[in-house]
Structure formats: structure tokens, C-alpha cells
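Below, each chain spelled out in residue letters.
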Amino acid sequence: MLKDVTLGQYFPGESPLHRADPRTKVVLSLCYIIALFCVKSALGMLLCALTLVCFHAASRIPLRTVLSGVKPILFILAFTFLINLFWTRGETLLFSWKFIRIYREGIVTALMMAVRILLLVTGSGIFLTYTTSPIMLTDAIEQLLSPLKKIKVPVHDFSMMMTIALRFIPTLIEETDRIMDAQKARGASFSTGGLIRRAKALIPILIPLFVCAFKRADDLAVAMECRCYRGGEGRTRMTRLRFSPADYLMMLSGVLLIAAVILLNHLPVGIAL
Amino acid sequence: MAKIELQNVCYTYGPGTPYAKIALKDVSLSVEAGKITGIIGHTGSGKSTLVRMLNGLLAPDSGRVLLDGVDINADKKALASVRCRVGLVMQYPEYQLFDETVEKDIAFGPRNMGLSSEDIAARVREAAGFTGLSEEILSKSPFDLSGGQKRRVAIAGILAMKPEVLVLDEPAAGLDPKGRREILGGLLRYRDTTGAAVVIVSHNMEDMASYADSIVVLRQAQTAFEGTPAEVFARRGELEENGLRVPDAVRIADKLRERGVPVPEEICTVEAEAAYLAELLSLK
């Protein structure tokens, strides 16, 4: 079933991380990503991993859900690991057979890269997508980017488009499921036959799906106009975002993480690699 | 023996997630060939899940679905043939139309069954006859039709497969009274010609009173009670607690009984009531 696909899905709950201001979480994720790319020491990487473990505990999201988000990138993870393992040249040759040469530096780089990607994916899930509803997320992005309005970037329009797109993804998935069921009830089969037959079998799904999507877009435009929507100018909000002391603390921890990572890169205790 | 039967069927959507929702809990149901079974229930009572069980679109978590005594989920490869024998018309079926002409769209089902082209053409004509579609409409694009006509085309698409069990989820929702009567009348003719078992999900109690042989009431994923329309509508209080209402004719009969007119309990359609009252008045 299409419904089983987890693409960075919101996981409703009541935790400090769920309650935090979405802008805080965007800033925190940015800090985390920057920190991950600055890391050059084993201790720094360990610190990043520990930070994530702490925030994961605070988010109260089942570990299984977080790990299920890693599944789609397992291939990329393995691929980067192997590429780095075989193609990194260094000084200490550990193993060589025919044209294959593995250096100590290669193992280290491959491991660092794999852990970096792993932390990146699980981190953005915990900081953002699992704990923030898509609507909150677009609100936060709109507000964080609002200074760009000064140079005539249509920030509001973009965020409205993003909100609508996100809002309708589940609807479209549901719609696809429904149409697939309806055509299956008429004896259609989507998993048998050769490539051309399978492609042809998609026609009875895609045409009704497009017809519905266009009709829905049209209806939505009319409904918005009926409620006097005229873009972002002078528009007020029902829920106003406010930072709490906890938010400042979280953002501070993000900045401190970057500082600590950079410090560890240059200190001998950081075990530079 | 029952044509199609549900035995202690349970189903939960999204088990193990915060979105988990029990849709059916220990539901049993049996439908006889040649009979019309109505299913009524409040929104979210599990009606749409139940109809998806009948042709194997959903498999129950526990319990069995039997077609002529054979468990349809026992052999997953046979499900395609089960779906040809159990025709399912989903809610708002007009959204599933896709082909260039009405004729081709109705022929989609029979074509998937691998029939010969003469056979398909004959079935399309027959199905169009049941749903009252004229020859002229058959060559039009389904997207040029009115909502009511699209609905007929979609239903004809299932009837053309000549299912032994016909399942319809709100077949007449959103149509005007004339369109309702014509579509439901067509379904009656199909039942009479083929002897098929028919299951209709509906919110329209008047339709249920006039067409159904028996009615099953679903409440919060479970069967609340069942019986003939007269038996079910006699439990007015329980129905209203479930957010359902009884047909107007039953309500009028209740009021008449309060004032001492002995209207029999089994009257639950306007026609029967009018005939009864006319006779009563002519006797006076």
C-alpha cells in the first residue's frame, strides 16, 4: 500500500521537542548540519552523535520509526562507504591485492562519511520532520525568510504554495489508493506482465488522478478567492509564533555544538584524523 | 447456503502507529443470492472497509470471507477471478472513468477478463440497457457527460462484468430523486435477470425501506443489529442514538399510531402507507 511509505512523516506527540517553536527547530537543524560538516575529529563526531541521542530521548519518538527512515538511504550509505574505502589514497597501506589498495586513511574517511550521512538523515528527522507538522514548518520558513521581502522576493507566495503542496500530498496518496482499488475491482492488474504492459496499466490510474487534481486545484482557487485571499499583504495570523526560554536554550545548544566541534578540530585531545 | 459470508472479521488501519484505528471488530454477515442486503451506519462505522473486504481489496486481520463457501483470501492468485465474480462499485465511482469513449470505458472490466470482442460488445450493450444509457451516449467521451450520467457509466462498467455478487457503496448519493429511482430500478432489474446477490451501503433510509430485503446496522466497527426493514426501523430509538434516522413513512406511522390509527408495523414505505390509508378512508 502507498500509505505505508514514510517520507519524513510527522509523528504526533507531546514532547519538549514537539512543543518547541518551529523556527527554533529550523535553526537547530541548520546548526547541526553545519556542525556535521565541520567535524574533523573522532571526538567531535562522538559529540554530534551524543547530542542527537539526547534530543532523541527528549522527542519521545520510537527508535524503530527513526531507523525506518534510514532504510531508503541504505544503498547510498553503502555506496559512499565503498567508494571512500577504495579510492582514498594515503600513507599507511594496510591491504593490497591486484589493483585494490586499502589505506588507513581510506577506512577512516569511509567511516566518517557513513556516520555523517547517518547522523544527517536521522538528525533532520528528529529535529524537524518527525516533530514538526508540515504546516508549522512552512510557517517557520516564511517567518525566517521574511527579511527577503525587502528585496521583493515573494516569500509569502512561495510558502503558501509549499503549504498547499504539502497539504495535498496525503490527499493525493489517498486518491491514488482509491482509484487503484476501483480499477482493481474492474479486474485491472498492476503487478503482472512486461514493462510495456505495466506502463499501460498506469493509464487508468493517471488519467482520473490528473482530472481530479486539476478539478481540486480549480475548486481551491475559487474557495480562496471567495474568502478574499489576495496574497500576503496585510495578512494577520491566527497562531503567532513566540520564542520561550527553552527555545533560546535549544538554539544556544546548537551554536555551542558548532563551537565545540571547531574547537575539537584544533585541539590535540580531539584525536584529529 | 449463503452466497457470500463474512465470519468474525476484524480489521485495524495502521496497527502499531499513533494513527491506529479499528475499522471492523468481529463482524459477521451473510448475503443470500437474489436478495438485496442494505448496510447502514454513521460515518466512520466501518461501512467502506466492509465493502472492500467483500472482493478482497482488503484482507481481514482475523476472520474469513467466504464466497460460495470458499475462503477468498486463501489463494492470493485467485483474487483476480474473485473480483470478477464480486463486482464492487465504490463511492463516487464517476472519478474512475478514463477511456476515450463511454463504450471503451464500460468495456475495461470485460476486457480484463479476457473475453472475445463480440462478447464484450454484447455485454456493454446489456449493461448500458440496465443503467439506461442510450446508444448515442456510448460514443461520447465520459468527461463530456453530466454527473448523473457519469455515475451510470461507472456502474455499467461493473455490471458488464456480470458479477454474481454486486456490492455498491452509496450508488445514488448526490443524485436527484429521478436519477436515484432510475439507477436503483436498474439494479433491481439486474438482480431479477441474473439472480445476483446485492449489497447496498446507503444513508438514504427511504431507499433502504423500499429496496432492501434485510438491513444490517453498523455501530463503531461492530454489528449493532439486523433484520428486515420493518424490524430495523421499529427500533427507532436505537437508530437515532446512532445518528441515523428512520424513513418519513415510519415517523408518520408512529404519529398516526399515537392518535389511535392502527397502522401495521411492517409498513415503512410511503407507497404502502398511502395504499393502507386510502383503503382505511374508503371503508369509512
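Quick caveat: nothing in here was measured; it's all calculated off a predicted structure.

Asks: Please set out the overall build of chain A residue by residue, giving values where relevant.
Replies: Secondary structure summary: chain A contains eleven helices and two strands in total. What you see in chain A, going N to C, is helices and strands ordered as α-α-α-α-α-β-β-α-α-α-α-α-α. For chain A, the C-alpha radius of gyration of 24 Å lies well beyond 19 Å, the compact-globule estimate for 273 residues. Overall, chain A is about 65 × 55 × 40 Å in size when its C-alpha atoms are taken along their principal axes. The buried share of chain A, reckoned over its 273 residues, is 37%. Across chain A, every contact between residues at least 6 apart in sequence was considered, and the portion connecting residues at least 24 apart equals 73%. Just so you have it, chain A exposes about 17,000 Å², and 70% of that area is on carbon and sulfur atoms. Between the averaged position of the 31 positive side-chain charges in chain A and that of its 17 negative side-chain charges there is a distance of 5 Å.

Asks: Which residues make up the side chain of B:D207, and what values go with them?
Replies: All names here are of chain B. Looking at where D207 falls in the secondary structure, it is placed in helix α8 (residues 205-211). For D207, the side chain forms a polar contact with the side chain of R180, separated by 2.7 Å. Sequence-distant contacts of D207, that is, excluding residues within four places in its chain, are made with R180, L184 and A212.

Asks: Describe the sheet that holds strand β2 (residues 21-31) of chain B, naming the residues involved and giving the relevant values.
Replies: Residues and elements named next belong to chain B. Strand order in this open sheet of four strands is β2-β1-β4-β5, and the pairing throughout is antiparallel. Sheet topology places β2 and β5 (70-71) at the edges, where each strand pairs with a single neighbour. Sheet topology note: the strand β4 (residues 62-67)/β5 ladder contains two bridges and is antiparallel. Bridge pairing links L67 to V70 in β5. Seen against the sheet, helix α1 (residues 47-54) touches β1 (4-13), β2 and β4 and runs at an angle of roughly 125° to β1.

Asks: Hey, could you go over the packing of aromatic side chains for me, with residue numbers and the actual values?
Replies: Tallied over the entire structure, the rule returns eight aromatic pairs over all chains. Judged by centre distance (5.0 Å) and plane angle (70°), the rings of A:F55 and A:F127 are edge-to-face. Remark: A:F127 occurs in helix α6 (residues 104-129) and A:F55 occurs in helix α3 (residues 42-59); sequence separation between them is 72 residues. Neither residue differs from the other here; A:F55 and A:F127 are each classed as buried. Ring centres of A:F243 and A:Y248 lie 5.5 Å apart, and the angle between their planes is 50°; this geometry places the pair in the tilted category. One aromatic cluster is present, built from ring pairs that chain together A:Y32, A:F55 and A:F127. Note that A:R23 overlies the ring of A:F243, its terminal NZ or CZ placed 4.2 Å from the centroid. Directly above the ring of B:F225 sits B:R235, whose terminal nitrogen or CZ lies 4.0 Å from the centroid.

Asks: I'd like a rundown of unusual backbone geometry, residues and numbers included.
Replies: Negative phi values dominate among residues other than glycine, just as trans dominates among peptide bonds. All names here are of chain B. Even without a glycine there, the phi angle at E170 is positive, about 50°. By the element assignment, E170 lies in the loop between β7 (165-169) and α7 (177-194). The phi torsion at A221 lies on the positive side, around 70°, for a residue other than glycine. Along the polypeptide, A221 turns up in the loop between β9 (214-219) and β10 (222-227). Owing to a relative accessible area of 4%, A221 belongs among the buried residues under this scheme.

Asks: Mind laying out the nonpolar core, listing which residues take part and the relevant values?
Replies: Among the nonpolar cores identified, the biggest contains 48 residues, and B:I40, B:I106, B:L166, B:I215, B:V217, B:F233 and B:L239 are the most heavily contacted of them. It is helix α6 (residues 147-159) of chain B that contributes the most residues to this core, six residues altogether. Within the second largest apolar cluster, 33 residues are counted, among which are A:A182, B:V9, B:M90 and B:V201.

Asks: Just give me the short version of the pairing of β1(B), but keep the residues and values in it.
Replies: Residue and element names in this part refer to chain B. As defined by bridge partners, β1 adjoins β2 across seven bridges and the pair is classed as antiparallel. Its bridge partner being in β2, I4 is matched across the sheet by V31. Pairing between β1 and β4: five bridges, direction antiparallel. Each residue of the ladder has a partner; that of L6, found in β4, is V65.

Asks: Pulling in residues and values, what's your account of helix α5 (residues 74-87) of chain A?
Replies: All names here are of chain A. In this model α5 runs 20 Å from its N-terminal to its C-terminal C-alpha over 14 residues, within 8% of the 20 Å that 1.5 Å per residue would give. Regarding α5, the residues found buried are L77, T80, N84 and L85. Within α5, the buried residues cover an arc of 130° as seen down the axis, which keeps them to one side. Of the residues in α5, the exposed ones pointing more than 90 degrees away from the buried face are F75 and W87. On its buried face, α5 sits against β2 (100-103) and α6.

Asks: Give a detailed account of the sheet that holds strand β3 (residues 36-41) of chain B, specifying residues and quantitative values.
Replies: Residue and element names in this part refer to chain B. An order of β6-β7-β8-β3-β9-β10 is seen for the six strands of this open sheet, with the pairing classed as mixed. Both edges of this open sheet fall to β6 (86-89) and β10, since each of them pairs with a single strand only. Here the strands of the sheet are splayed against their neighbours by 15° on average, with no regard to which way each runs. In the sheet, β9 pairs with β10 via five bridges, with the strands oriented antiparallel. Residue pairing for β10: I215 is matched across the bridge by G227.

Asks: Give a description of the confidence of the model for chain A that names residues and reports values.
Replies: Looking at chain A as a whole, its pLDDT mean stands at 86, while 95% of the residues score no less than 70. Overall, residues 1-7 of chain A carries pLDDT values under 50, and its contacts beyond four positions in sequence, including any with other chains, amount to eight contacts.

Asks: Provide a residue-level description of the interface of chain B and chain A, including the pertinent values.
Replies: Size of an interface, as often reported, equals the accessible area lost when the parts are brought together. In this complex, chain B contributes 22 residues to the contact, which on the side of chain A involves 21 residues. Together, the buried faces of chain B and chain A total about 2,000 Å²; carbon and sulfur atoms form 64% of this surface. Taken as a group, B:Y95, B:Q96 and B:F98 account for 28% of the area that chain B buries against chain A, more than any other trio of residues on that side. At the boundary of chain B and chain A, one finds two salt bridges. For B:R52, the salt bridge identified is with A:D181, shortest N-O distance 3.1 Å. If you list the elements that add at least two residues to the side of chain B that touches chain A, you get α3 (102-112) and α6 of chain B. The biggest single contributor to the side of chain B that touches chain A is α3(B), with four residues.

Asks: Just give me the short version of the environment of A:E175, but keep the residues and values in it.
Replies: All names here are of chain A. For E175, the location among the structural elements is in helix α8 (residues 155-185). In sequence terms E175 and F99 are 76 residues apart; their C-alpha atoms lie 53 Å from each other. In contact with E175, other than residues within four places in its own chain, are L209, C212 and R216.

Definitions and cut-offs
Residues numbered from 1 in each chain as written. Chains lettered and ligands numbered in written order. Predicted model: local features only at pLDDT ≥ 70, side-chain atom pairs only at ≥ 80, totals over all residues. Heavy atoms only, no water. Helix = DSSP H or I, 4+ residues; strand = E, 2+ residues; numbered from the N terminus. Rg over C-alpha atoms; globule rule 2.2 N^0.38 Å. Buried < 20%, exposed > 50% of the residue type's maximum accessible area, 1.4 Å probe, protein only. Contact = heavy atoms within 4.5 Å. Areas by Shrake-Rupley, 256 points an atom, 1.4 Å probe, with all protein chains shown as cover. Lys, Arg positive; Asp, Glu negative; His and termini not counted. Charge placed at Lys NZ, Arg CZ, Asp CG, Glu CD. Polar contact = N/O pair within 3.5 Å; in protein donor to acceptor, adjacent residues only side chain to side chain. Pairing = 2+ DSSP bridges. Axes fitted to C-alpha atoms, helices over the stretch in contact; angles between N-to-C directions. Phe/Tyr/Trp six-rings, centres within 6.5 Å; stacked < 30°, edge-to-face > 60°. Lys NZ or Arg CZ within 6 Å of the ring centre and 35° of its normal. Core = buried A, V, L, I, M, F, W, Y, C linked by side-chain atoms within 4.5 Å. Expected span 1.5 Å × (residues − 1). Arc of directions from axis to C-beta. pLDDT = per-residue confidence, 0-100. Buried area = accessible area lost by both parts, 1.4 Å probe. Salt bridge = Lys/Arg side-chain N within 4 Å of Asp/Glu carboxyl O.

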